Amino acid sequence: MNLWLWILIACGLAYLTKLLGYFVPAKLLESPRIMHVAGTMTIGLLASLTVVNAVASGQALVLDARIGALAAAALALWLRAPFLVVVISGAAAAALLRLLGWG
Amino acid sequence: MTSGSAPLKLRESPAFKIALSLSIATGLYGVSFGALSVASGFDFWQTMVLSLLLFSGGSQFAFIGVVAGGGSGVAAMTASALLGLRNGIYGMQINAMLRPGGWKRYLSAHVTIDESTATASGQTDPDEQRRGFWTAGIGIFILWNIFTAVGALAGDAMGDPKQWGLDGAAVAAFLALLWPRLKGREPWAIAAACALATVLAVPFVPSGVPILVAAVVAGIIGWFSHARMDEGLEPDVDPYAEKRQQEPRSNA
């Protein structure tokens, strides 16, 4: 029961966080500097999400099949593959490397 | 929302196509969440409530990950909330882009996640931004929940979701979202700095927090690189220069 409570609080906080962004005064968003920061933050967050998903395992850094997924995705992107192909390349590379017994 | 008025146009819309393939790829990944959640000791409905109401993949994985590692409910909630802070930033960006009014604002807040925000901000035309955001947001919501249920019910039969490379799919998806933004020197420098900050932070702070560290690093770089451009230094490396030319500045 206790776990249910924390689940529901987490859900409430998640929604309020999202909603809060929509109530930031419009004036602030018209500032070119704030928009520039929003742009750099998007890049930073996506780079960070990529890295976390590729090498983090809890608080440990691990090199496993996900590195292969990262490389395969980069190659697919460099070859200008469409989004879905990139994602499938990543999954296939990770699955294949594990099948071969690595990571 | 976006559907109904012009189905033909919608099918031809690039944002719609990106959003749709993103919905399928991300939605499928819900299997992984459902299976891992049940394997971590959550029951079916706890797993479904996380996908239906929390609805932010990273935060959901953080929540079950902390509990699976023996952490308390408070710790799980904290990790999930910290990781979800970026959605507040996304909310600001979507609000600036689409300016949803009335009840739409409350609905769009719920589907404000990495993928819907990235799809929208990858487009330049406001109609395309709107199509991309809503298609990805609602599409992922529906598929993510269906596949969470599939994973939770079939988790044991499926075995380890890693065996299917689903974690590799997530890595590829985030790289694919980042890729089109890496035009010019500044975006590359920001991405490299944030990737490094993330790697350095991982061993020292709870999971979820390294992403916020990277956001702060990116924010500081953005804040000061903008100031530098105000002074007229290195204007040629500014990837946002085109945009700024449309709104001449008078404070020089």
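In this text the structure is predicted, and so the values were computed from the model without any measurement.

Caption draft 1: Structural detail: the overall build of chain B. For chain B, the count of helices and strands is 12 helices and zero strands. For chain B, the α and β elements follow one another from N to C terminus as α-α-α-α-α-α-α-α-α-α-α-α. Relative to its full complement of 252 residues, chain B shows a buried share of 53%. Put simply, of all contacts in chain B between residues at least 6 apart along the chain, 70% involve residues at least 24 apart.

Caption draft 2: Examining helix α5 (residues 83-99) of chain A more closely. Counted at 1.5 Å a residue, the expected span for α5(A) with its 17 residues is 24 Å, and the 24 Å between its end C-alpha atoms agrees. Counting buried positions along α5(A) yields 12 of 17 residues, so the element is predominantly enclosed. If you check which residues of α5(A) are buried, you get A:F83, A:V86, A:V87, A:I88, A:S89, A:G90, A:A91, A:A93, A:A94, A:A95, A:L97 and A:R98. Next to the buried residues of α5(A) lie α4 (65-78) of chain A together with α2 (14-39) and α9 (166-178) of chain B. Where α5(A) ends, the next residue or the one after it, A:G101, has phi of about 95°, a positive value.

Caption draft 3: Molecular detail of the interface of chain A and chain B. Listed by partner, the interface residues are 65 residues for chain A and 83 residues for chain B. For the side of chain A that touches chain B, the secondary-structure elements that each account for two or more residues are α1 (2-22), α3 (32-55), α4 and α5 of chain A. With 22 residues, the single largest contributor to the side of chain A that touches chain B is α3(A). Residue classes in the side of chain A that touches chain B are distributed as 46 nonpolar, 15 polar and four charged.

Caption draft 4: Looking closely at the confidence of the model for chain B. All names here are of chain B. Mean pLDDT for chain B: 81, with 85% of residues reaching 70 or above. Within the model, pLDDT remains below 50 along residues 1-6, and this stretch shows seven contacts once partners closer than five positions in the same chain are excluded. Counting contacts from residues 230-252, a segment whose pLDDT is below 50, to residues more than four positions away or on other chains yields 16 contacts. With a pTM of 0.67, the predicted complex shows an ipTM of 0.85.

Conventions and cut-offs
Residues numbered from 1 in each chain as written. Chains lettered and ligands numbered in written order. Predicted model: local features only at pLDDT ≥ 70, side-chain atom pairs only at ≥ 80, totals over all residues. Helix = DSSP H or I, 4+ residues; strand = E, 2+ residues; numbered from the N terminus. Buried ≥ 20, exposed ≤ 12 C-beta atoms within 10 Å, placed from the backbone. Contact = placed C-beta atoms within 7 Å. Expected span 1.5 Å × (residues − 1). Nonpolar A, V, L, I, M, F, W, Y, C, P; charged D, E, K, R; others polar. pLDDT = per-residue confidence, 0-100.

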